[in-house]
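Below, each chain spelled out in residue letters.
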Amino acid sequence: MTAHPGRGGELAGLLLRVAEGLRGFPGCEVYLVGREAGAPDVVHVTEVWRDEGAAQAALSAPPTADGPRPADVLALLSAPPRRTDLAVLGGVGLPAAG
């Protein structure tokens, strides 16, 4: 996601609050927020969900009382977010399937 100039820190902060709200959410395996080195207004979110149903449940869950609303995040973006869906094959850091 690319924030309006000078607002990358604010965007990252909101997304870190989203991450806190997902702590313990069923099916959320990974939710990482990072700023691109050399481009502080570019923020990446890497998510790994157990399945599509869990991801959709998170998207449709009502925000917590003190959590950011989707409109709060969208207001900081200078362009629509780019999404890439991957089929995770394996690696380090995720629990074993089974």
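Residues numbered from 1 in each chain as written. Predicted model: local features only at pLDDT ≥ 70, side-chain atom pairs only at ≥ 80, totals over all residues. Heavy atoms only, no water.

Engineer: How should the layout of surface pockets be read in this particular structure?
Structural biologist: It is the rolling of a water-molecule-sized probe over the atoms that shows where space remains empty. As a volume, the second largest pocket reaches approximately 160 Å³. In terms of lining, the second largest pocket is formed by L16, A19, E20, L22, R23, G24, C28, E29, V30 and Y31. Sorting the residues of the lining of the second largest pocket by element identifies α1 (8-22) and β1 (28-36) as the ones contributing at least two each. Considering only residue class, the lining of the second largest pocket consists of six nonpolar, one polar and three charged. (1 Å grid on protein atoms, 1.4 Å probe; cavity = no way out; pocket = protein on both sides within 12 Å on 5 of 7 lines; lining within 4 Å. Points joined across faces, edges and corners; volume = space filled by probe spheres on them. Helix = DSSP H or I, 4+ residues; strand = E, 2+ residues; numbered from the N terminus. Nonpolar A, V, L, I, M, F, W, Y, C, P; charged D, E, K, R; others polar.)

Engineer: In this structure, what is going on with helix α2 (residues 52-60)? I would like to understand it.
Structural biologist: For an α-helix, 3.6 residues make a turn, and residues three or four places apart therefore share a direction. Residues A54, A55 and A58 constitute the buried set of α2. One face of α2 carries all of its buried residues, which in axial projection span an arc of 100°. Across α2 from its buried face, at more than 90 degrees, point the exposed residues L59 and S60. Looking at the buried residues of α2, the elements they touch are α1 and β2 (39-49). Measuring from the side-chain oxygen of the N-cap residue of α2 to the backbone nitrogen of G53 gives 3.2 Å; that N-cap residue is D51. (Buried < 20%, exposed > 50% of the residue type's maximum accessible area, 1.4 Å probe, protein only. Arc of directions from axis to C-beta. Contact = heavy atoms within 4.5 Å. Polar contact = N/O pair within 3.5 Å; in protein donor to acceptor, adjacent residues only side chain to side chain.)

Engineer: Help me understand the side chain of D41 in this model?
Structural biologist: When you line up the elements, D41 lands in strand β2. For the buried D41, which has no salt bridge, the nearest side chain bearing the opposite charge is R35, at an N-O separation of 5.0 Å. Engagement of the side chain of D41 in a polar contact is seen with the backbone nitrogen of R7, the distance being 3.3 Å. Those residues in contact with D41 that lie beyond four places of it in its chain are M1, T2, A3, H4, P5, G6, R7 and G8. (Lys, Arg positive; Asp, Glu negative; His and termini not counted. Salt bridge = Lys/Arg side-chain N within 4 Å of Asp/Glu carboxyl O.)

Engineer: Would you take a moment to explain the pattern of salt bridges for this structure?
Structural biologist: Between side chains of opposite charge, a pair can form as their charged atoms come close. As enumerated under the stated definition, the model contains four salt bridges in all. Here E20 ties to R23 by a salt bridge, and the two come within 2.7 Å at their closest N and O atoms.

Engineer: Help me understand the packing of aromatic side chains in this model?
Structural biologist: For any pair of aromatic rings, geometry is given as the distance between the ring centres together with the angle between the planes. Following the criterion strictly, the structure yields one aromatic pair and no others. Their ring planes at 85° and their centres at 6.2 Å tell us that F25 and W49 sit as a pair that is edge-to-face. Taken together, the residues span a long stretch of sequence, with F25 in the loop between α1 and β1 and W49 in strand β2 at a distance of 24 residues. Judged by relative accessible area, which is 17%, W49 ranks as buried. (Phe/Tyr/Trp six-rings, centres within 6.5 Å; stacked < 30°, edge-to-face > 60°.)

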